[in-house]
Amino acid sequence: MERTLELDLPILLPNVQDLQDQCIARLQTALAGKRGIANAHIETDRTPAQLCVHYDADLVSLNDVEQIAKRAGAEIVKRYHHELIPIEGMDCSDCARVIEHSVGRMDGVMNVTVNYPAQRMRVEYDSQKINRGAIDKRLRGLGYTIPAEGLKNFYQENREIIFSLTAGALVLIGWVGETFFGLPTLAATVLFVGAYFFGGLDISRHAIHALRERHFDTDLLMVTAAIGAALIGNFFEGALLLFLFSLGHALEERALDRARAAVRALADLAPKTALVKRDGKEIELPVEELLLEDVVIVRPGVRVPVDGIVVTGASAVNQAPVTGESVPVEKEPGAQVFAGSVNGEGALDVRVTRLAQDSTLARVMKLVEEAQTQKSPTQQTVEKFERVFVPAVLGVTALVIVVPPFLGVPFQESFLRAMTLLVAASPCALALGTPASILAGVAQAARNGVLVKGGVHLENLGRLKAIAFDKTGTITHGRPEVTDILVFDGKMSQDELLRLTASAESRSAHPLAQAVVRAAQNKKLALPEASDVESITGKGLQAKVEGRALLIGNFKLLQENNISMSDAAAKQIEALQVSGKTIILVAAERRLIGALGVADVLRPEAKETMRELRARGIEHTIMLTGDNQRVADAIAKTVGLTDVRADLLPEDKLTVIRELIQEYEQVGMVGDGVNDAPALANATVGIAMGGAGTDVALETADVALMGDDLSKLPFAVGLGRATRRIILQNLVISLGVIAFLIITSLTGIVSLGIAIVFHEGSTLVVVGNALRLLGYRDGG
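Visitor: Which residues make up the overall build of the chain, and what are the values?
Guide: Counting its regular elements, the chain contains 26 helices and 28 strands. Principal-axis analysis of the C-alpha atoms gives the chain an extent of 115 × 60 × 60 Å. For the chain, buried positions account for 54% of its 780 residues. Of all intrachain contacts in the chain linking residues separated by at least 6 positions in sequence, the fraction that spans at least 24 positions is 68%. Roughly 33,500 Å² of accessible area belongs to the chain as shown, and the carbon and sulfur atoms make up 56% of that amount.

Visitor: Could you give me a rundown of the nonpolar core, with the residues and numbers involved?
Guide: Side chains that are nonpolar tend, in soluble globular proteins, to be buried together. The biggest cluster of nonpolar side chains holds 141 residues, and the ones touching the most others in it are Ile-99, Val-103, Met-121, Phe-469 and Leu-713. Ranked by residue count, the leading element in this core is helix 8 (residues 235-267), at 14 residues. When near neighbours in sequence (up to four residues on either side) are disregarded, Phe-469 contacts Thr-474, Ile-475, Met-610, Leu-613, Thr-621, Ile-622, Met-623, Leu-624, Leu-641, Val-670, Leu-710 and Leu-713. In this structure, Val-482, Met-492, Leu-541 and Val-598 belong to the second largest nonpolar core, which totals 25 residues.

Visitor: Requested: an account of the environment of Ala-239, with residues and values cited.
Guide: Here Ala-239 shows up in helix 8. Along the primary structure Ala-239 and Ala-167 are separated by 72 residues, whereas in three dimensions their C-alpha atoms are 7.7 Å apart. With sequence-adjacent residues up to four places away left out, Ala-239 is seen in contact with Val-171, Phe-192, Ala-195 and Tyr-196.

Visitor: Please provide a residue-by-residue account of the pattern of salt bridges, values included.
Guide: Inspection of every chain in the model, using the stated rule, returns 27 salt bridges. The partner of Arg-278 in a salt bridge is Asp-294, and the shortest N-O contact between them spans 2.7 Å. With Arg-278 in strand 8 (residues 273-278) and Asp-294 in the loop between strand 9 (281-286) and strand 10 (295-298), this pair connects stretches of sequence that are 16 residues apart. Note that Glu-605 and Arg-603 form a salt bridge whose closest N and O atoms lie 3.6 Å from each other. No difference in accessibility class separates Glu-605 from Arg-603, as the two residues are buried. Look at the salt bridges and you will find they share partners, linking Glu-83, Arg-132 and Asp-136 into a network.

Visitor: Can you explain a nonpolar patch on the surface? Please cite residues and give values.
Guide: The grouping of Leu-399, Val-402, Val-403, Phe-406 and Leu-407 at the surface amounts to a nonpolar patch, some 560 Å² of accessible area in total. By relative accessible area, Val-403 is classed as partly exposed at 38%.

Visitor: Which residues make up helix 2 (residues 62-72), and what are the values?
Guide: Helix 2 sits mainly inside the fold: eight of its eleven residues count as buried. The set of residues buried in helix 2 consists of Leu-62, Asn-63, Asp-64, Val-65, Glu-66, Ile-68, Ala-69 and Ala-72. Once helix 2 finishes, Gly-73 follows within two positions and takes phi at roughly 105°, a positive value.

Visitor: Tell me what's going on with the sheet that holds strand 14 (residues 336-337), and back it up with residues and numbers.
Guide: Reading across the sheet, the six strands line up as 9-8-10-15-11-14 and stay open at both edges, with antiparallel pairing between neighbours. Either end of the sheet is taken by a strand with one partner, and the two such strands are strand 9 and strand 14. Relative to strand 14, strand 11 (residues 308-312) is paired through two bridges, and the arrangement is antiparallel. Considered in strand 14, the bridge of Gly-308 is made with Val-337.

Visitor: I'd like a description of the sheet that holds strand 18 (residues 476-487), backed by residues and values.
Guide: The strand order across the open sheet built from six strands is 18-23-22-21-20-19, with neighbouring strands paired in antiparallel fashion. Each of the sheet's edge strands pairs with one partner strand only, and the pair in question is strand 18 and strand 19 (530-536). Across the sheet, the axes of successive neighbouring strands diverge by a mean angle of 20°, strand direction being ignored. Summarising the sheet, strand 19 and strand 20 (residues 540-545) pair through five bridges and their orientation is antiparallel. Residue pairing for strand 20: Ser-535 is matched across the bridge by Leu-541.

Visitor: With reference to specific residues and values, describe the environment of Leu-51.
Guide: Along the chain, the position of Leu-51 falls in strand 3 (residues 49-56). The class for Leu-51 is buried, based on a relative accessible area of 0%. Sequence spacing of Leu-51 and Gly-108 is 57 residues, and the spatial spacing of their C-alpha atoms is 18 Å.

Visitor: Summarise unusual backbone geometry; cite the residues concerned and give the values.
Guide: Even without glycine at this site, Asn-562 takes up a positive phi of about 55°. Looking at where Asn-562 falls in the secondary structure, it is placed in the loop between helix 18 (555-560) and helix 19 (567-578). Residue Asn-562 is classed as exposed on the basis of its relative accessible area of 67%. Although it is not a glycine, Glu-665 sits at a positive phi angle of roughly 75°. Secondary-structure assignment places Glu-665 in the loop between helix 22 (652-664) and strand 26 (667-671).

Visitor: An account of the pairing of strand 10 is requested, with residue identities and associated values reported.
Guide: For strand 8 and strand 10, the ladder comprises three bridges, and the chain directions are antiparallel. Bridge pairing in strand 10 places Lys-277 opposite Val-295. Sheet topology note: the strand 10/strand 15 (residues 348-352) ladder contains four bridges and is antiparallel. Looking at strand 15, one finds that Ile-297 is bridged to Asp-349.

Visitor: Just give me the short version of the packing of aromatic side chains, but keep the residues and values in it.
Guide: Under the criterion given, the structure shown has ten aromatic pairs. Ring geometry for Phe-197 against Phe-198: centres 5.1 Å apart, planes inclined by 85°, an arrangement best described as edge-to-face. Arranged with centres 5.6 Å apart and planes meeting at 50°, the rings of Phe-715 and Tyr-776 form a pair that is tilted. Residue Phe-715 is found in helix 25 (residues 712-746), and its partner Tyr-776 is found in the segment after helix 26 (752-771); the two are separated by 61 residues along the sequence. Judged by relative accessible area, which is 3%, Phe-715 ranks as buried. Grouping aromatic residues by their ring pairs yields a cluster made of Trp-175, Phe-180, Phe-192 and Phe-236. When the ring centre of Phe-163 is taken as reference, the NZ or CZ atom of Arg-159 above it lies at 4.9 Å.

Visitor: Give me the lowdown on the packing of helix 8 against helix 26, citing residues and values where you can.
Guide: Running from amino to carboxyl end, helix 8 crosses helix 26 at an angle of 5°, the nearest separation of the two axes being 9 Å. Put simply, helix 8 runs roughly parallel to helix 26. Among the residues forming the contact of helix 8 with helix 26, the class breakdown is 14 nonpolar, six polar and four charged.

Visitor: Tell me what's going on with the side chain of Thr-744, and back it up with residues and numbers.
Guide: Positionally, Thr-744 belongs in helix 25. Assessed through its relative accessible area of 6%, Thr-744 is described here as buried. Ignoring anything within four residues of it in the chain, the contact list for Thr-744 reads Ile-749 and Val-750.

Visitor: Which residues make up the confidence of the model for the chain, and what values do they have?
Guide: Looking at the chain, pLDDT values average 85 and 96% of them are 70 or higher. The least confident element of the chain is helix 24 (residues 695-700), whose mean pLDDT is 64; the most confident is strand 24 (residues 620-624), at 94.

Visitor: I'd like a rundown of helix 1 (residues 17-32), residues and numbers included.
Guide: For helix 1, with 16 residues, the first-to-last C-alpha span of 22 Å sits near the 22 Å given by 1.5 Å per residue. Among all positions in helix 1, only Gln-20, Cys-23, Ile-24, Leu-27 and Leu-31 are buried. Buried residues of helix 1, viewed axially, fall in a sector of 100°; they line one side. The exposed set on the far side of helix 1, more than 90 degrees from its buried face, consists of Asp-18, Thr-29 and Ala-32.

Visitor: So what's going on with the pairing of strand 7 (residues 120-126)? Residues and values would help.
Guide: Regular strands have side chains that alternate between both faces of the sheet. In terms of burial, strand 7 is largely enclosed, as six of its seven residues are buried. Pairing between strand 5 (residues 80-86) and strand 7: seven bridges, direction antiparallel. Note that in strand 7 the partner of Tyr-80 across the bridge is Asp-126. The sheet contact formed by strand 6 (residues 109-115) and strand 7 spans six bridges and is antiparallel. When the bridges of strand 7 are listed, Val-109 appears paired with Tyr-125. Between the end of strand 6 and the start of strand 7, which pair antiparallel, lie four residues, with Gln-119 showing a positive phi angle near 60°.

Reading the values: rules and limits
Residues numbered from 1 in each chain as written. Predicted model: local features only at pLDDT ≥ 70, side-chain atom pairs only at ≥ 80, totals over all residues. Heavy atoms only, no water. Helix = DSSP H or I, 4+ residues; strand = E, 2+ residues; numbered from the N terminus. Buried < 20%, exposed > 50% of the residue type's maximum accessible area, 1.4 Å probe, protein only. Contact = heavy atoms within 4.5 Å. Areas by Shrake-Rupley, 256 points an atom, 1.4 Å probe, with all protein chains shown as cover. Core = buried A, V, L, I, M, F, W, Y, C linked by side-chain atoms within 4.5 Å. Salt bridge = Lys/Arg side-chain N within 4 Å of Asp/Glu carboxyl O. Patch = residues over 30% accessible without salt bridge, like charges linked within 9 Å, V, L, I, M, F, W, Y side chains within 5 Å. Pairing = 2+ DSSP bridges. Axes fitted to C-alpha atoms, helices over the stretch in contact; angles between N-to-C directions. Phe/Tyr/Trp six-rings, centres within 6.5 Å; stacked < 30°, edge-to-face > 60°. Lys NZ or Arg CZ within 6 Å of the ring centre and 35° of its normal. Parallel < 35°, antiparallel > 145°, perpendicular 65-115°, else oblique. Nonpolar A, V, L, I, M, F, W, Y, C, P; charged D, E, K, R; others polar. pLDDT = per-residue confidence, 0-100. Expected span 1.5 Å × (residues − 1). Arc of directions from axis to C-beta.

In structure tokens:
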């Protein structure tokens, strides 16, 4: 069920016409490739220009649209606001729908989504019609609170459980006293009424607000049942009902807080202060006061406080909290570090490249919180069912009260059965099973370096039948490396050839030249100074190294200089070409002395990743590449891919993805999120690699593997499948209990007390089942 919004956003474009045209073209291309945006166009004849966009509010937020516009060079005028607001006081999923109904009807509110397990509201509103204060006031008027910063005292933290246990104590004293010790009925009734107060205070308040909003919810059903029990003199049954209902919610809240704590723990990873160099001094400042280009001192064994670049020092840094990488990464000057990662044994000076609120960890936290407010397809279906089911239950309850007495059933008995039916048919567990699972699943993914940007994507991960991989940067590392060294001069070693070649190539910025230099550095070869270096466009370069005149480049360069090669050398070079390698020929003093084979090497984890994907039910793995078919087939065979689409131009990837969806229905696409954004957007799930290092990957993909590690993909797919299984289990449990209780309550087999025990028990069972996802491990 889509919730498509149509919105006109005022935007500021560059003043220069050429720049404005380029900006508009970039913006329209980016919006067209974004999942959830149905249509978008720009009207430049209005002042300011207007971006007209139609988007699905469960897939795209206003903040997403603003970020896309900013990257394209435009800026959306700050009229429309997008906020995530924490809410306290909700005791069941019905509260979320009451808030959505009430806030959503306010003039100026464009979209509102509330997630009860996460205790968050996402709201988008027009600041010219309404302000944040009015929204906060409406929330407080509904009986909910917006938590203030700072620690709560013991009473605030435990009020709900204290009230519930007080109600339970009063019920127990009243029943035991009346049953075994001759306590007068009036005194016992007073105790039961006290239990009504402590057990029913919160749900009564919520039920009243729901009625005002003309919304029938579970709280209303429970309050009605408790009042009904009191009207026929069964104060004990009503008090027991409210006690068990309030106790169930208190325990449910504490259980769900485990999942919320898993997300809060991510935010706590980044230090609150940093040791910074200012004016020749070392001073400790809150991270919020750090400026770009500040230099921060990171001592051994402490957490890195900011995103930045290492200026001096070397150390192994544990990035697992951000990227999920299990092995510490060596950091040297020029390397990127992330806030929240743990420094090893060396001290580092880090130059700040992102402010605290813009760090990778902060952005991940914000995206996770937004993901928790987006409703999955299953949750939307359940809510549609409940909107019909709850009023129907009230109607059937009225019939159960009125009809049986005409058939000879005592009124009190039929009334009590009707109240029991209200409890039996209350869909608390049904409403909670899916969002609790999504909350736990998204939190567990984030803790393991996988960012899932919504329940719909987590569920879809579990549905995938096929996954397509863009070869460059996913199956391979995405950068060329020297793989082979051929020496045709019997007096020269491989290291000597590499040393001479790297010396000349060190003056070049070409990717192939840099691959040669890296290879020499990895072998710790000392590079002599090169002189008379001259680039020959499209062919290579010439230089002098240790008195030798070198020519380094392709076949054209050697042919133009009449440098020949032996048949044996030609055969060895041809063998490298057949396997897909790029050849760098090296000649000295007009004689071929060697050749280097360079290729974008396969990721070492690629083969094992494909095996694990097959074990998780992904039967089709397809590589998309611009390589020729022969080279592509060789790579696919090595890695274990089931299919290859070769000789593709960049624009062909989108066509292939659409064809695969026609064939397999549920298809994932793995890429870098930069050159393949349209293909990612059209796949069932778009998955980007290396999300911690690039803004684009975080913003364009549905799922981002934060580390540059393909082996996290089976974990993500497995977690999606586990989430779907648990959602299905919760639906079966909740619907089964409801069906059982409806039948047994109508036939008089179960009493009101037994019904509430089953009702609250099933709710706690589905919450506990959902929280099992917090313990999910790769292969679990």
